[in-house]
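Next come the chains, spelled out residue by residue.
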Amino acid sequence: MNEVISNADFLDIINIIKLQYGYDFTGYAQASIKRRLLRFMGHMQLNSAFELKYRLVNDQDLFSRLIQYVTVNVTEMFRDPGFYKSLREQVLPKLAAYPNIKIWHAGCSTGEEVFSMAILLQEAGLLSRTKIYATDLNPANLERASAGILPLDNMKDFTQNYIQSGGLTDFSNYYTARYDNVLIKKELRQHIAFFQHNLVTDKVFNEFQLICCRNVFIYFNRELQNSVLQLFFDSLSSRGYLAMGIKETMRFADLQGKFEVVHAHNKIYRRKE
Amino acid sequence: MNSKFDVITIGGSAGSLLVLTELLDALPAGLTVPVIIVLHRLRNVQSEMGRLLSTNRRIVEPEDKEPVREHGVYLAPQNYHLMVEADRTFMLDYSELVNYSRPSIDMTFSSVAEVYGARTLGILLSGANKDGAAGLCQIINAGGRGVVQDPQTAAFEAMPQSAIEMCGGVEVLSIDNIKKIIIGET
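Quick notes on the rules
- Residues numbered from 1 in each chain as written.
- Chains lettered and ligands numbered in written order.
- Predicted model: local features only at pLDDT ≥ 70, side-chain atom pairs only at ≥ 80, totals over all residues.
- Helix = DSSP H or I, 4+ residues; strand = E, 2+ residues; numbered from the N terminus.
- Rg over C-alpha atoms; globule rule 2.2 N^0.38 Å.
- Buried ≥ 20, exposed ≤ 12 C-beta atoms within 10 Å, placed from the backbone.
- Contact = placed C-beta atoms within 7 Å.
- Pairing = 2+ DSSP bridges.
- Axes fitted to C-alpha atoms, helices over the stretch in contact; angles between N-to-C directions.
- Parallel < 35°, antiparallel > 145°, perpendicular 65-115°, else oblique.
- Nonpolar A, V, L, I, M, F, W, Y, C, P; charged D, E, K, R; others polar.

*Asks:* Break down the overall build of chain B for me, with residues and values.
*Replies:* Looking only at helices and strands, chain B features six helices and nine strands. Whereas a compact globule of 186 residues would reach a radius of gyration of roughly 16 Å, chain B reaches 15 Å, a difference of no more than 12%. By principal-axis analysis of the C-alpha atoms, chain B measures approximately 35 × 35 × 30 Å. Taking all 186 residues of chain B together, the buried fraction comes to 53%. Restricting to contacts in chain B with at least 6 residues of sequence separation, those with at least 24 account for 73%.

What follows is the structure, encoded as structure tokens:
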């Protein structure tokens, strides 16, 4: 981990990935992606940036593994319980006014936060008329998310989070445990569609009353943040909600004037007319 | 007040809270150099750490893309790694634990070393694992100054001791002498 990738090599690598595989990492925050590339090189025992470039050009499988490494696939159920409490108290009652509710989880990783949302909706009596569109750029994540299977080890922490978020029932009602895994109940999952969408290159595909995109913006530079924010603005219905990660902020974004703050600490915003 | 450094970054874990408070209390009011602190802490509980540490200086948990400002005293937020980008703005990262930790001291030290190089002062305090050792060595390799709390005075010696063993050039100092470096006397 003591090595660094020169800027020229970094740009080459990003370019090869873009031209050959169609994934555009140009607008990603460099400190993080450079570190993850180095980590990948260490893991694959690639000794130089040259070797990585050479292999990328010639080896499709290497790229599939690189995507696994470079994208961040860390997530939790009910991460930041206070955020979910705000959703319950301030957002869901407003969504209840719509006959059909559409929600977009952008950058859903392996689905933990999407399942959390489904639970909230269930407890608010809204799930039956809601469709959740959950997207990620990493196909392996989507495959795992669609299966609805999570490691049992994590459930203790998740249960704590759920209780702190104001959960109304016994958390174990929402899954079936078997051996080392749990399966999220089908009645929660049947309202969720998982599919691939790349925030950098793909466009508006529907109109939503709520978009959740948490801890995704931190990996983007300001320019890319601005363009994805525009995509979200265009994808929200008038007065639709946008939820970001609690350390993400609109303070430095060009479009901040087009959103009003619903909850400053939990980073819930609302599209102005 | 001028400093030999453009940034001071401090890492600590078990047993570091009191010494850290002591160091922060010693910061002269006129010191402009930003201070970036990484402490190992619990991940999903409400924390009053900023207030707990805070002295005469306001301690801020930075948000993503916030610029590193003069006079700023920053604390890595719970459950995120904290890094600095080349344009001297903060970047938060929610990736895997590093050395069983998020925030990881290594992650912060390493990115600070890359951006501030020889103008960095890195300080590693008491702790029970080796997080921060590799990062402190990167600061030293980049020409910066790397200091550890004397393991003999640390409540948990593993963290400073790991840095001493990992690379040459680590200065082993008492808290009083670390204060002197901060205020520019030595």
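We are not done yet, so read on.
*Asks:* Any chance you could break down the sheet that holds strand β4 (residues 73–75) of chain B for me, citing the residues and the numbers?
*Replies:* All names here are of chain B. Reading across the sheet, the seven strands line up as β3-β4-β2-β1-β7-β8-β9 and stay open at both edges, with parallel pairing between neighbours. Across the chains shown, the open sheet's two edge strands, defined by having one partner strand only, are β3 (59–60) and β9 (171–173). The sheet contact formed by β3 and β4 spans two bridges and is parallel. Within β4, the residue paired with V60 across the bridge is Y74. Running over the sheet, helix α3 (residues 105–116) touches β1 (7–12), β2 (35–39) and β7 (120–124) and is turned about 165 degrees from β1.

*Asks:* Go over the pairing of strand β6 (residues 90–93) of chain B, please, and point to the residues and values.
*Replies:* Residue and element names in this part refer to chain B. The side-chain alternation of β6 yields two buried faces, one formed by F90 and L92 and the other by M91 and D93. Bridge count for strand β5 (residues 81–84) against β6 is four bridges, and the pairing is antiparallel. From the neighbouring strand, L82 faces β6, where its bridge partner is L92. Taken together, β5 and the strand that follows it, β6, pair antiparallel across an intervening segment of five residues, in which R88 is found at a positive phi of about 60 degrees.

*Asks:* Go over the packing of α3 of chain B against helix α4 (residues 133–141) of chain B, please, and point to the residues and values.
*Replies:* Residues and elements named next belong to chain B. The contact between α3 and α4 brings their axes to 7 Å, and the two run at 10 degrees. One way to sum up the angle between α3 and α4 is to call them roughly parallel. Contacts from I105, D106, T108, F109, S110 and A113 of α3 reach α4 at A134, G135, L136, Q138 and I139. Taken together, the residues of the contact of α3 with α4 break down into six nonpolar, four polar and one charged.

*Asks:* Summarise unusual backbone geometry; cite the residues concerned and give the values.
*Replies:* Most peptide bonds adopt trans geometry, and most residues besides glycine take a negative phi value. Of note, the amide linkage connecting R102 of chain B to P103 of chain B takes the cis form, showing an omega dihedral of 10 degrees. Within the chain, Q45 of chain A stands out as a residue other than glycine whose phi angle is a positive 55 degrees. Take Q45 of chain A: it is sitting in the loop between α2 (30–43) and α3 (49–58). Residue classification places Q45 of chain A among the exposed residues on the basis of 7 C-beta atoms within 10 Å. Despite not being glycine, K65 of chain B has its phi angle at roughly 75 degrees, a positive value. C-beta crowding within 10 Å serves as the criterion here: with 24 such atoms nearby, K65 of chain B is assigned to the buried category.

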